[in-house]
Amino acid sequence: MLNVKNLIKDFGKLRIINSAGFKVKEDEIVSLVGPNGAGKTTLVNLISGHILPTSGEIEFFGHDITFASPYRRIEMGIARNFQITNLFENSTVLDNVRICLFSIYGKIKRGLLPASHYGKITQEAVDILDLFGIVSKKDLLPPSLSEGDKKILDTAMAFALKSKFLLLDEPTSGVATGDKFKVMDTIVSAIKREKMACMIIEHDMDIVSDYSDRVLVLTEGAIIADGKPKEVMEQDNVKEILFGVRV
Amino acid sequence: MRFIGQFLRPKSFVYLGIFIVLLFMPKVLPIYQLMLFESGLTFAIMSLGFNLLLRYTGLLSFGHGALFATGAYAVGMMGRYFPELYRIEILIPVALLVSLIVSALFGFICVRHTRIFFSILALALSMVLFALLVKLYDITGGSDGLHIDLPSMFGKSFEGMRRPEFLSGAYYYFLLCTFAVSTIIMLGIVNSPFGKALQSIRDNEVRAEMIGIRVRRYRWYAFVLSGLFTGLGGALWSFVNGHITPEVAEWVFSGEIVYMTLLGGFMVLEGPIIGAILFTYLKLYAVSITQYWMFIIGATLIILVLLLPEGITGGFVRLFSRIKKSEATGAA
């Protein structure tokens, strides 16, 4: 489905992504792990079209999307959340999700009837909030949410875009440790039900091995390991990079 | 049913009441006051459009005078070159069409930037239009401007009638209805999915792009819509004033548009309407009191910014919420 080939991104003289290449199949949940500064978020930015690569190729369902606009990518089915929450601070929680639905259903051109007139979409937004367990906060403004709830809302917004491929940049950072697995259960079951493929950036190795079908290890901008979580974690170079163990 | 239900709110009845009261204005107000009020109404239609950009899209335009002038000059030029089509039912659509073209062009250039860069670009473009209106004497009448005759309305000619009679008769009701319809349309726009998309862009451009909103294109749409309301205001104003000059395209008038909106308060939809009507009176009385009227306007602006940054309506909203709060704590 997604095929990344020889992707390179330079910031000035600094090469952040150094010919990274990997594939993601349909219905697959892939974890992207790596030390700080490895370029994980940059990779997400490149795939979602937030920034453009220096060279290389990104294919999605056989279409070259390397330099496609974010709008085009979302239309094709690539959605993302943000590691540092990125919400519409002056709109209610409900409206944050609802605008995503309006956008994906092509309703944002409708300019005369009030948003509340679209009952079906409103109900769907409420359902998504319910699914993510924050429906009781639907009339609040994001600044009054806890850090964890903001994070969940951010993910819910990406989920609402009905993508085929969801990029989740640390969906559980900022969430209380005890709730992490609960949040992941919610996200993963929702993804599975919608038959989405997903790439998750995650630091918690327990979460990585519990939820992902496959693990990619990124370091200094290159993919150095790719395989089943158990196998990858056993590789010596991965151990050294991720856990600092000298073997 | 739900669609009708939306209008059955207490607020709607208050507005309906105000509308009915306004219908009797020509009977109550002396003609001079009525003309002032009418020009206030045209400014109100314009400031509705201006606020769509400022409040709902987060773009401050210092060049809206040019779009106002576009509407006014569309009427003036029609009168000069196509006198046989000088009917209000033709003039208004023509003014809207010309405003559409000009604001599409201006907007296309301006929305490439935001914040101060947007403001300055809008200002620069408006001064280009101002210069054209002044210099192309043979076409636009230059700084002498153009005289605006009374148009015929829906088959009824007003030839030979004096302007005050015209303004206190059919034209007043036409203007009032246009104003009401404009307000209802704007109310629809800002609460619609389209309006929500604009507010998303204002709040968080990056995220808006990442949920599939074409940010620049939607800013452009907002600019064009804003230009349509502003042009409509300009066209309607030209009949009230009877004479148009390039001054309305100059930056001073663009500044006054910003002032009106700040005076009324841009946080609520009603703010700019109130601001526009108040400003009309404020300016006139300041001019009649002293030749240093600009000093009065400037001083009020300073007081406004320091004490009521959210304008008159913003002040009221704050006052009411404070009263409510003290009632709540008093009860508890």
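Quick look at the overall build of chain A now. When its secondary structure is counted, chain A shows nine helices and ten strands. Taking 247 residues into account, the globule formula puts the C-alpha radius of gyration at 18 Å, and chain A, at 18 Å, falls close to it. Seen through its principal axes, chain A has C-alpha atoms that stretch 60 × 40 × 35 Å. Counting across all 247 residues of chain A, residues that qualify as buried make up 45%. Here the contacts in chain A between residues at least 6 apart in sequence split such that 65% fall between residues at least 24 apart.

Attention shifts here to the overall build of chain B. Regarding its fold elements, chain B presents 17 helices and two strands. Here chain B has a C-alpha radius of gyration of 20 Å; the compact-globule value for 332 residues is 20 Å, and the two agree. Here the C-alpha coordinates of chain B stretch approximately 70 × 50 × 50 Å along the principal axes. Buried positions account for 44% of the 332 residues belonging to chain B. Contacts in chain B between residues at least 24 apart in sequence constitute 78% of all its contacts with a sequence separation of at least 6.

Across the contact, 23 residues belong to chain B and 32 residues belong to chain A. For the side of chain B that touches chain A, the secondary structure elements donating two or more residues are α1 (2-5), α10 (170-191), α11 (193-203) and α12 (205-210) of chain B. Here the side of chain B that touches chain A is built from residues that sort into nine nonpolar, eight polar and six charged.

Next up on the list: the packing of α11(B) against helix α13 (residues 215-241) of chain B. Residue and element names in this part refer to chain B. Two elements in contact, α11 and α13, have axes separated by 10 Å at closest approach and are oriented at 120 degrees. In terms of axis orientation, α11 runs oblique to α13. Read as a crossing pair, α11 and α13 show a hand that is left-handed. Where α11 approaches α13, its residues Ala197, Leu198 and Ile201 are matched on the opposing element by Val215, Tyr218, Arg219 and Ala222. Here the contact of α11 with α13 is composed, by residue class, of six nonpolar, no polar and one charged.

In this section: the sheet that holds strand β5 (residues 63-64) of chain A. All names here are of chain A. On the basis of which strands lie adjacent, the open sheet formed by four strands has the order β2-β1-β4-β5 and antiparallel pairing. Each end of this open sheet is capped by a strand with a single partner; those strands are β2 (14-24) and β5. Direction of pairing for strand β4 (residues 55-60) relative to β5: antiparallel, over a ladder of two bridges. Across the sheet, Phe60 pairs through a bridge with His63, a residue of β5. Against the sheet, helix α1 (residues 40-48) makes contact with β1 (2-11), β2 and β4, and its axis sits at roughly 65 degrees relative to β2, the strand it touches most.

Residue and element names in this part refer to chain A. Although it is not a glycine, Asp27 adopts a positive phi angle of roughly 60 degrees. With 15 C-beta atoms packed within 10 Å, Asp27 lands in the partly exposed category. We note that Lys195 has phi near 55 degrees; this positive angle belongs to a residue other than glycine.

So, on to the sheet that holds strand β3 (residues 29-33) of chain A. All names here are of chain A. Taken in spatial order, the six strands make up an open sheet running β6-β7-β8-β3-β9-β10, and their pairing is mixed. The open sheet has two edge strands with one neighbour each: β6 (78-80) and β10 (222-227). On average, each strand axis in the sheet is inclined to that of its neighbour by 20 degrees, with strand direction left out of account. Taken together, the four bridges between β3 and strand β9 (residues 214-219) define a ladder with parallel strand orientation. Looking at β9, one finds that Val33 is bridged to Val217. Packed on one face of the sheet, α1 meets β3, β6, β7 (165-169), β8 (197-201) and β9 and runs near 150 degrees to β7.

Before going further, it helps to spend a moment on the confidence of the model for chain B. Per-chain confidence: chain B averages 86 in pLDDT, with 97% of residues scoring 70 or above. In the predicted complex, the global pTM is 0.85; the interface-specific ipTM is 0.79.

With that settled, the discussion passes to the environment of B:Thr290. Summarising the element assignment, B:Thr290 is placed in the loop between α15 (271-289) and α16 (293-307). Separated by 180 residues in sequence, B:Thr290 and B:Cys110 place their C-alpha atoms 38 Å apart.

Here we come to the nonpolar core. Grouped together as the largest cluster of nonpolar side chains are 158 residues, with contacts concentrated most on A:Val97, A:Ala156 and A:Leu166. In terms of residue count, α13(B) provides more of this core than any other element does, 15 residues in total. If near-sequence neighbours (up to four positions away) are discounted, A:Leu166 is found in contact with A:Ala79, A:Ala158, A:Phe159, A:Ile191, A:Met196 and A:Cys198.

A few words now on α15(B). In a regular helix each residue adds 1.5 Å, so 19 residues correspond to 27 Å; α15(B) covers 26 Å between its end C-alpha atoms and thus fits that length. Inspection of α15(B) places B:Gly271, B:Pro272, B:Ile273, B:Ile274, B:Gly275, B:Ala276, B:Ile277, B:Phe279 and B:Thr280 among the buried residues, and these make up the whole buried set.

Residue and element names in this part refer to chain A. Most of β3 sits out of view: five of its five residues are buried. With four bridges joining them, β3 and β8 adopt parallel strand pairing. Within β8, the position partnered with Ile29 by the bridge is Cys198.

Inspection of the secondary structure assignment puts A:Leu14 in strand β2. Sequence spacing of A:Leu14 and A:Leu112 is 98 residues, and the spatial spacing of their C-alpha atoms is 49 Å.

What follows is about the environment of A:Asn45. Residues and elements named next belong to chain A. Turning to its location among the elements, Asn45 is positioned in helix α1. You can call Asn45 buried: it has 22 C-beta atoms within 10 Å. Considering only alpha carbons, one finds Asn45 and Thr92, 47 residues apart in sequence, at a separation of 26 Å.

Next up on the list: helix α5 (residues 147-160) of chain A. Residues and elements named next belong to chain A. In this model α5 runs 20 Å from its N-terminal to its C-terminal C-alpha over 14 residues, within 8% of the 20 Å that 1.5 Å per residue would give. A large share of α5 lies buried, amounting to twelve of its 14 residues. Among the residues of α5, those classed as buried are Asp149, Lys150, Lys151, Ile152, Leu153, Asp154, Thr155, Ala156, Met157, Ala158, Phe159 and Ala160. For α5, the secondary structure elements touched by its buried residues are β6, α3 (93-104), α4 (119-131), β7 and α6 (180-193). Phi turns positive one or two residues past the end of α5, at Lys162, with a value near 55 degrees.

Cut-offs used in this document
Residues numbered from 1 in each chain as written. Chains lettered and ligands numbered in written order. Predicted model: local features only at pLDDT ≥ 70, side-chain atom pairs only at ≥ 80, totals over all residues. Helix = DSSP H or I, 4+ residues; strand = E, 2+ residues; numbered from the N terminus. Rg over C-alpha atoms; globule rule 2.2 N^0.38 Å. Buried ≥ 20, exposed ≤ 12 C-beta atoms within 10 Å, placed from the backbone. Contact = placed C-beta atoms within 7 Å. Nonpolar A, V, L, I, M, F, W, Y, C, P; charged D, E, K, R; others polar. Axes fitted to C-alpha atoms, helices over the stretch in contact; angles between N-to-C directions. Parallel < 35°, antiparallel > 145°, perpendicular 65-115°, else oblique. Left-handed = near helix turned anticlockwise from the far one by under 90°. Pairing = 2+ DSSP bridges. pLDDT = per-residue confidence, 0-100. Core = buried A, V, L, I, M, F, W, Y, C linked by C-beta atoms within 7 Å. Expected span 1.5 Å × (residues − 1).

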